[in-house]
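# Architecture and fold: a report
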Amino acid sequence: MSLVSMRELLDHAAENGYGIPAFNVNNLEQVQAVMAAADEVGAPVILQASAGARKYAGEAFIKHLIQAAIEQYPHIPLVMHQDHGQSPAICQGAIDLGFSSVMMDGSLMEDGKTPASFDYNVEVTRKVVEMAHRVGVTVEGELGCLGSLETGEAGEEDGIGAVGKLDHSQMLTDPEEAAQFVKATQLDALAIAIGTSHGAYKFTRKPTGDILSIQRVKDIHARLPNTHLVMHGSSSVPQELLAIIRQYGGNMKETYGVPVEEIQEAIKYGVRKINIDTDIRLAMTAAVRKFLFENPEKFDAREWLKPAREAAKQICKQRYMEFGCEGQAGKIKGHNLQVVAGMYAQGVLKQVVN
Ligand SMILES: O=C(CO)COP(=O)(O)O
Ligand SMILES: O=C[C@H](O)COP(=O)(O)O
Ligand SMILES: [Zn+2]
Ligand SMILES: [Zn+2]
């Protein structure tokens, strides 16, 4: 099976009541970790590359690392997804590079910092839908700005996020606007704002409903029962990884992530794609710190990259199991993108809006 459409994977997840973690990848070891985890549990794969990843690794390396994953694991349906595209031009570039799915993040302007108007968001997202669907590529859009309901800040640590304070109405996607947005754009998956934010510092305490609104997921799902919802900023920030990082010389403040049980609840109400980057970063950093502390004489990079890769694999495997992906890979047909393009053209993948 070659590259598949993200729409096909998310449709399968919706039909069978599970969610798929989308892991951010930047290098060889992270790609290998995700693939090994998926292979062990029989999970379908969404590998996503941010603009930062494409810059870090270089376009050709990102493309060929993912193609290597397909070659090494031909039995695993795999989506190559561009995370947080800031403009139609960036999305077009990703499509040209061979990505089978793109995110047009029009909730912010092209600078990735200024909250955009609804009309701007509709315009850029619709433009990307037109060019992507023509070639069978999936489109994720975003409505509402990610940010902390505790502080009103977006958590700018990843370079993507509104600058300055936001009010609650900007940080909680409105169900009525979501319905209008999906109707107008006909995208495939909608990222929503419910109180999550990127990076390790999401919540100062274990989140309750006032700062992480799973109720908002339910309200949006009631209006959009057939639209796949996406949760960004969904790392769980495991306390045991923070403890290892601190034990071996790291300096991380007290912080809490999105509890897995909250994600599992959201999966019952239409969340199909769950974005995870930070948990992999924490797992790898904890493993490298521990290894180098315990083996100060070692200097072969392969020796410390191995435990880092293994730690990343473990966290990925755990999330695949927790979100219900086990054994699903073998059930996916894996249409080629031309077939999917034909389905869009016939209107069979149109969104139903209540
Ligand atoms: O949303 C993400 C990538 O788009 C990643 O979120 P985390 O920082 O919570 O891992
Ligand atoms: O969306 C944010 C992801 O965590 C990617 O982060 P990055 O831009 O540092 O690669
Ligand atoms: Zn965004
Ligand atoms: Zn994100």
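What counts, and where the lines are drawn
- Residues numbered from 1 in each chain as written.
- Chains lettered and ligands numbered in written order.
- Predicted model: local features only at pLDDT ≥ 70, side-chain atom pairs only at ≥ 80, totals over all residues.
- Heavy atoms only, no water.
- Near = heavy atom within 4 Å.
- Polar contact = N/O pair within 3.5 Å; in protein donor to acceptor, adjacent residues only side chain to side chain.
- Areas by Shrake-Rupley, 256 points an atom, 1.4 Å probe, with all protein chains shown as cover.
- Donors = N, O, S within 2.8 Å, 3.2 Å for Na, K, Ca; no water.
- Helix = DSSP H or I, 4+ residues; strand = E, 2+ residues; numbered from the N terminus.
- Buried < 20%, exposed > 50% of the residue type's maximum accessible area, 1.4 Å probe, protein only.
- Pairing = 2+ DSSP bridges.
- Expected span 1.5 Å × (residues − 1).
- Contact = heavy atoms within 4.5 Å.

It is worth spelling out the site of ligand 1 at this point. Residues in contact with ligand 1 amount to 14 residues; listed here are only the nearest, Asp83, Lys202, Ser235, Asp277 and Thr278. Separating an oxygen atom of ligand 1 from a side-chain N or O atom of His198 is a distance of 3.1 Å. The side chain of Thr278 places a nitrogen or oxygen atom 2.6 Å from an oxygen atom of ligand 1. The fraction of the free accessible surface of ligand 1 (310 Å²) that becomes covered by protein chains is 98%.

Time to look at the coordination of the zinc ion (ligand 4). For the zinc ion (ligand 4), the full set of protein donor atoms is His84 (NE2), His198 (NE2) and His232 (ND1), and the range of their distances to it is 2.0 to 2.1 Å. When the donors of the zinc ion (ligand 4) are listed by position in the chain, the intervening gaps give H-x113-H-x33-H. On the criterion of sequence distance, the pair formed by His198 in the loop between strand 6 (189-192) and helix 9 (214-223) and His232 in the loop between strand 7 (228-231) and helix 10 (239-247) is long-range, its members being 34 residues apart. In this structure, His198 and His232 share a single accessibility class: buried.

Every protein donor of the zinc ion (ligand 3) is listed here as Asp105 (OD) and Glu142 (OE), and their distances to the metal cover 2.1 to 2.2 Å. Within this pair, whereas Asp105 is found in the loop between strand 4 (101-104) and helix 6 (118-133), its partner Glu142 is found in strand 5 (residues 138-143), the two being separated by 37 residues in sequence. Overall, Asp105 belongs to the buried group, its relative accessible area being 1%.

In this section: the pairing of strand 8 (residues 271-276). Along any regular strand the residues' side chains alternate between the sheet's two faces. Burial within strand 8 is extensive, with 6 of its 6 residues counted as buried. As defined by bridge partners, strand 1 (residues 20-24) adjoins strand 8 across 4 bridges and the pair is classed as parallel. Looking across to strand 8, one finds that Ala22 is bridged to Asn275. Sheet topology places strand 7 next to strand 8; 3 bridges connect them, and they run parallel. In the sheet register, Val230 faces strand 8, and the bridge partner there is Lys273.

The next thing to look at is unusual backbone geometry. In this model, Gln186 sits at a positive phi of 60°, which is unusual for a non-glycine residue. By the element assignment, Gln186 lies in the loop between helix 8 (175-185) and strand 6. A residue is classified by how much of its surface remains accessible, and Gln186, at 19% relative accessible area, is buried. Here the phi dihedral of Val237 falls at roughly 50°; this positive angle occurs in a residue that is not glycine. By the secondary structure assignment, Val237 is in the loop between strand 7 and helix 10.

This part takes up helix 2 (residues 28-41). Its 14 residues place the ends of helix 2 20 Å apart at the C-alpha level, agreeing with the 20 Å of an ideal helix rising 1.5 Å per residue. By the criterion of burial, helix 2 is predominantly enclosed, with 10 of the 14 residues buried. Buried within helix 2 are the following residues: Glu29, Gln30, Val31, Ala33, Val34, Met35, Ala36, Ala37, Ala38 and Val41. Residues of helix 2 that are buried in the fold lie against strand 1, strand 2 (45-49), helix 4 (59-72), strand 3 (78-85), helix 12 (278-294) and helix 13 (301-322). Gly42, located one to two residues past helix 2, shows a positive phi value of around 70°.

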